[in-house]
Amino acid sequence: MAQFTLYNKHSTPPNSDSTRVDCEHVPLCSINDVQLRFLVPDDLTEVRQLCQEWFPIDYPLSWYEDITSSTRFFALAAVYNLAIIGLIVAEMKPYRNVNKEDKGILPDSMGRSADVGYILSLGVHRSHRRNGIGSLLLDALMNHLTTAERHSVKAIFLHTLTTNQPAIFFYEKRRFTLHSFMPYYYNIRGKGKDGFTYVNYINGGHPPWTLLDHIKHYASKVRHTSSLCAWVAGRVQQVVRWFYHKLLTRFNFIE
């Protein structure tokens, strides 16, 4: 199931219990007071409640079990006053295993041996937004994927609703670029919703070349070849002149 990021609330959150952050009474926190840690199985109930508030998709219970226990996911929580106020969930996988609609992210030649990172979810509690929590979580993922041992990861990508302007602004500010438009990609409460794919290329990765890229490449080669031909022609002309001078000197045609 495709996941996506969403920052806007679509409904009033349910009443919180004593272990959760109270939206109306918790002041904006300092980024220095936030701790990052990976999710654990005991977080399942809390994470599920948060995601039900943040996202319009009802994820199955198995998804929450996976992200809180499986090492297949990079599932990181931002914690403040012992409560989770933000989280990012991502998955690293071979590019050849991505869904059909995402096959155009990398060139075919690069994709045969490359891995990609896919951001399934990134959310921050509404009381703590605009404090840099989302950037803190995304930076942690970027740092994780740009180490020497993960050089095979050539791109990080995600899907988001075309109407999710806060998320679009956030990712574009973080150097993610729009890759594709996906009409009716989402099925939310029985209605089709359009989506975007955003990509950030890392570790030397780059998008497939367009026709314009090919034209620029071959034009550059032609210019280089022309310059090389002119240089070779000049050297040949010098050699011919030298040989001709020596020949005339040998037969005493010139003093």
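Use the structure listed above.
Residues numbered from 1 in each chain as written. Predicted model: local features only at pLDDT ≥ 70, side-chain atom pairs only at ≥ 80, totals over all residues. Heavy atoms only, no water.

Draft legend 1. Local environment of the pattern of salt bridges. Scanning the model with the defined rule gives four salt bridges in all. Across the pair Glu91 and Arg72 runs a salt bridge whose closest N-O atoms are separated by 2.5 Å. Remark: Arg72 occurs in the loop between helix 2 (61–67) and strand 2 (73–80) and Glu91 occurs in strand 3 (residues 83–94); sequence separation between them is 19 residues. Judged by relative accessible area, Arg72 falls into the partly exposed class, the value being 42%. Residue Arg174 is joined to Asp139 by a salt bridge in which the shortest nitrogen-to-oxygen separation is 2.3 Å. Of the two residues, Arg174 sits in the loop between helix 5 (165–173) and strand 6 (177–188) while Asp139 sits in helix 4 (residues 133–145), which places them 35 residues apart along the sequence. Residue Arg174 is classed as partly exposed on the basis of its relative accessible area of 23%. (Salt bridge = Lys/Arg side-chain N within 4 Å of Asp/Glu carboxyl O. Helix = DSSP H or I, 4+ residues; strand = E, 2+ residues; numbered from the N terminus. Buried < 20%, exposed > 50% of the residue type's maximum accessible area, 1.4 Å probe, protein only.)

Draft legend 2. Summary view of unusual backbone geometry. Of note, the phi angle at Asn81 is positive, near 55 degrees, even though the residue is not glycine. The phi torsion at Arg189 lies on the positive side, around 55 degrees, for a residue other than glycine.

Draft legend 3. Representation of the environment of Ala75. With respect to the secondary-structure elements, Ala75 resides in strand 2. A relative accessible area of 2% places Ala75 in the buried class. Sequence-wise, Ala75 and Arg37 are 38 residues apart; in three dimensions their C-alpha atoms are separated by 8.6 Å. With near-sequence residues (within four places) excluded, Ala75 lies in contact with Arg37, Phe38, Leu39, Ile67, Ile88 and Val89. (Contact = heavy atoms within 4.5 Å.)

Draft legend 4. Examining the sheet that holds strand 4 (residues 115–124) more closely. Spatial ordering of the open sheet is given by 1-2-3-4-5-7-6, a layout of seven strands whose pairing is mixed. Two strands close off the open sheet at either side, each with one partner strand: strand 1 (35–38) and strand 6. Neighbour-to-neighbour, the strand axes of this sheet turn through a mean angle of 25 degrees, independent of strand direction. Where strand 6 meets strand 7 (residues 191–201), eight bridges bridge the pair, whose relative direction is antiparallel. Within strand 7, the position partnered with Phe181 by the bridge is Phe196. Contacts from helix 1 (residues 44–54) reach strand 3 and strand 4, with the element oriented near 90 degrees to strand 3. Set on the sheet, helix 5 makes contact with strand 4, strand 5 (153–161) and strand 7; between it and strand 5 the angle comes to about 160 degrees. (Pairing = 2+ DSSP bridges. Axes fitted to C-alpha atoms, helices over the stretch in contact; angles between N-to-C directions.)

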